[in-house]
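Here is how the chains run, residue by residue.
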Amino acid sequence: MVLAVPVIAQTQSPVIPLDPTRTPEQILEQTPPVTSPEPDPPPQVVDDLAQVIVNALTNTAVRYPWLTNPTDRLTFPANSFNPSQAENYIDTELRLSDSNPFLLKLTYGSFPASDQFYWLLPENRVVIETLGNQGGLIHQGRGQDFASISTLTFTRALAGLQNVITLPEVLTQITRGSSAGSFSVFAAVAITANPEGLPAPLITLDTGTDVTRPNVTVLSSDISIGVGSTNSPTGGGSNFGNLQPDNTPQVVQGFPTVNLQPLILPFLENGEVLRVGSVIPPESLAAINLDISSATASDLGGFSSLAGIKILQPMRFDNFDLLQALTNPFLGRGEKLFYYFNSLFWTDFGFRTPETTNTVTATGDDRWYRAYYSRPHRQTIIQYDPQELRATLGDRFSNPGVSVSFSLSGGQINLGQTINQTLGLALGGIFLTVDPDTLQAQVDDAKARRDRQEQFVPLQTAANSQERRQINERLNIGLFYSNLSSSLEQISGSLTLDGEASPTRSSFWQIRTGLHRRVVQFLGFELGPIEQGDTIVTFLRLSDQRFGPLTFIGAQFPRPLTALPLNEAIASEVVITAPDGQQFVQRFNSNADLVTLPIGIDRQEFASDRIELSRTDRQEGKITSFLGNILVPAVEMVASGTSGQLNYSLSSGLWLNVAPRSAGNVAENTDGLNEPSFGAYLSAFAALSSTELERNEAGQVTSVTIQSPVVRAFLTTGTNINNASFLNLSYTFSRQVPDLSFSLSPGLLLASEGERMRMVPFFQGTLDLGAGLRLRSSLEFDQNTAFTLEALQQLSPNWGAGVFYRNFREINVGVDTRTFSALYGLTARYQVPQSAVAIEGQVGFGSTLDLRLRGNLRF
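Right, let's walk through the structure included here.

Conventions adopted
- Residues numbered from 1 in each chain as written.
- Predicted model: local features only at pLDDT ≥ 70, side-chain atom pairs only at ≥ 80, totals over all residues.
- Heavy atoms only, no water.
- Buried < 20%, exposed > 50% of the residue type's maximum accessible area, 1.4 Å probe, protein only.
- Helix = DSSP H or I, 4+ residues; strand = E, 2+ residues; numbered from the N terminus.
- Arc of directions from axis to C-beta.
- Contact = heavy atoms within 4.5 Å.
- Polar contact = N/O pair within 3.5 Å; in protein donor to acceptor, adjacent residues only side chain to side chain.
- Pairing = 2+ DSSP bridges.
- Phe/Tyr/Trp six-rings, centres within 6.5 Å; stacked < 30°, edge-to-face > 60°.
- Lys NZ or Arg CZ within 6 Å of the ring centre and 35° of its normal.

1. Considering helix α8 (residues 333-340)
And then number 1: Those residues of α8 lying buried are Lys336, Leu337, Tyr339 and Tyr340. Seen along its axis, α8 keeps its buried residues to an arc of 165°; they face one direction.

Below is the structure:
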């Protein structure tokens, strides 16, 4: 068994950056080597006809791998096919480094020798048939899951304001014009202190005032001054209800009032008071028409009283709660707080920009793969013209299958992309029914001859073996370039129409079906319901403990001095009788000479309060992200061929995506890059190659010089940063002399990524010395300059070892990209004898360890 590295580019619509400057190197490595003249078919041994068939097919596969290519551009490289040496083909790439999946590719193809067929029919017809089974596991991308918790905090500020001022007593009426500053005050105090148990005698004060004089009024002690005092049950305790309206204090209420009692009532009912941290019930907020999250300011239920001049009496004051706060000094804390919340002009300051917080926690990190199975079946017929130097080619390839997109460890299946992939593979079944060249009939005829143990029919053409070799090379190279320009990652079916070749030219028309690759960057949000939080008091500044009451003291004045009306009178008598018959009598008569008038002491009450309410709402969600490849069904038309030194291919395709918003673990792409449901692309490739040979006098070749300008273009709809349209211009100069060969390939890449253009100059170079040492380098001038240096020493015809250094690391975070940090290491390579494929292993050192193994196993 042999392990080999595929050197064919497995995808031809590169994602930037995916080493898009590899084109010159591809051509040099993949152009089929010049072969020796084709020998006549070997003598047949009828007893071992099966072996003859296998040998003939192998001989063709080694010389012209694209004429016998049994596979689909993905499972294994065409030049690995060798039915005489192997029936099983495994292609793999393993990585062991940070940010890379361990398994990038593992594919398997089985082509039993008994199912492979080769025959020469009359009329110079060569019939080739290959049949097998294929399957594989291909890395598609990286899916990550996150749990998100978002909080939205609403804050609402309520401001309370009130200013109450008492109107001054009209002193000019009380004193009949006397100025308050003209009064003098004389006070006399007498105190008698006797031993305990000995009653104190009656004290009589004689101040020298003659009470009989006309200008003296005696203030009778039976006239109560409590009705005019705040700190009296009959005064402030009764809201001055015992006074006549005309001598009751008047106040100016500066602001209207708004009733916020629903906020405080639930707490008072439980014997609590409002404090920072208190939770306001929703029904309390609804009662004052307040929605903390609303952008509209609330009127908080409207005014409960208006500003103005008011009398401090229950029947003459339009806000009983404010009256209580202003007059009653006997209120408990809870009572006063209740009245207070309807005593201020409360204002909603309105909407404040909410504060948001987002917490994201990773909950899953998985790699997505596609598993596929297909049954490739190719039938080819080459017919050489008996009169002219030309041949025609008929080819039908059917590779129907199924494919599943799934996560390796999570076991999830993405149904939409599974349908896309299976549909693209199933399209290949169409070519089982399309047979314009009657290939099946000719294959059946050839197999019938085999079953009868007949021999190959010798070719009888105008072309000799050398010319047939040139025709075959034209067919092979034309198919190679046709494959190189294809934008299908996996071909599920193809049909070659009007394929023909001569020693100097070839042309092909092909129709293909398969899977076209797009790179997607999807991001999905799945949000749960919003969980509304409690409304909490977060700031509190109240003046309830120092607001009110207004302070008055009752003063007795002679009625003639007060200008109070004389036509009104009030009289009362209260008799209290004790059990022993003793009675106590109190009498009051407003017609007395004295009247009680409240005199203001604390004449103003002011409040400026603030309440801040906050509510934090919570919403849990799931965030899913996927970065990687999707494969969509596509149909492609290809025109390709060769003419002299010119090789060209032009392909155009249409693709369909039945699930443009889903890939990997993302069920619905809500915030990622959008993908269209369908699209088109155009891919073109042209290379002009000239070869100059220098000979010595003996006619021996002393040097070979090859020059090859290359143009490659790719245009696609749905262009974005991950799916670029590009133009690649390069020029390769290669020269070989004894014991030395080198090649130089400068170039320029122009890439359109939607709204951005990129220009990337690049250079590739190789130097091969006669001692078996090969030096390779590459240089790219992009946003960062990237370079690689490699040296490989041939230790034997098949084994080589070397070192490498580059200033970047290749990583796969769903798609191939680069991170710029130095990486150096060792390379070991095994070259398959007489083959362009090899097994290669690398171990790299830098910031992290990087191990890579890639190759093809056949047995």
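2. Overview of helix α7 (residues 320-327)
And then number 1: With 7 of 8 residues buried, α7 lies mostly within the body of the structure.
And then number 2: All buried positions along α7 are accounted for by Asp321, Leu322, Leu323, Gln324, Ala325, Leu326 and Thr327.
And then number 3: Structurally, α7 contributes buried residues whose contacts are with β6 (133-166), β7 (250-253), β8 (257-258), α5 (261-269), α8 and β24 (604-643).
And then number 4: The backbone nitrogen of aspartate 321 has a side-chain oxygen 3.0 Å away, supplied by the residue at the start of α7, namely asparagine 319.

3. Some remarks on the side chain of serine 110
And then number 1: Mapping serine 110 onto the fold places it in strand β3 (residues 103-110).
And then number 2: Note on serine 110: relative accessible area 15%, which makes it buried.

4. Quick word on the pairing of strand β5 (residues 125-131)
And then number 1: Across the 7 residues of β5, 7 count as buried, placing the element largely inside the fold.
And then number 2: Neither face of β5 is open: one carries Arg125, Val127, Glu129 and Leu131, the other Val126, Ile128 and Thr130, and all of them are buried.
And then number 3: As consecutive antiparallel partners, strand β4 (residues 117-121) and β5 are separated by 3 residues, and within that stretch glutamate 123 has a phi angle of approximately 65°, a positive value.
And then number 4: Bridging between β5 and strand β14 (residues 377-384) involves 7 bridges; their strand directions are antiparallel. Following the sheet pairing, valine 127 is matched in β14 by isoleucine 381.

5. Focus: the packing of aromatic side chains
And then number 1: Counted according to the given criterion, the structure contains 25 aromatic pairs.
And then number 2: Measuring from centroid to centroid gives 6.3 Å for tyrosine 340 and phenylalanine 341, while their planes differ by 75°, and the two rings are edge-to-face. Comparing tyrosine 340 with phenylalanine 341 shows no difference in burial state: the two are buried.
And then number 3: Summarising the aromatic geometry, the rings of tyrosine 340 and phenylalanine 547 are spaced 5.6 Å apart at their centres and angled 65° between planes, so their arrangement reads as edge-to-face. Residue tyrosine 340 is located in helix α8, and its partner phenylalanine 547 is located in the loop between β19 (535-541) and β20 (551-558); the two are separated by 207 residues in the primary sequence.
And then number 4: Taking relative accessible area as the criterion, tyrosine 340 reaches 0% and is therefore assigned buried.
And then number 5: Among the aromatic residues, those joined into a cluster by ring pairs are Trp66, Phe480, Tyr481 and Phe685.
And then number 6: Residue placement shows lysine 447 over the ring face of phenylalanine 117; its charged tip is 5.9 Å from the ring centre.
And then number 7: A cation over an aromatic ring shows up here: arginine 818 above the ring of phenylalanine 808, its NZ or CZ 4.5 Å from the ring centre.

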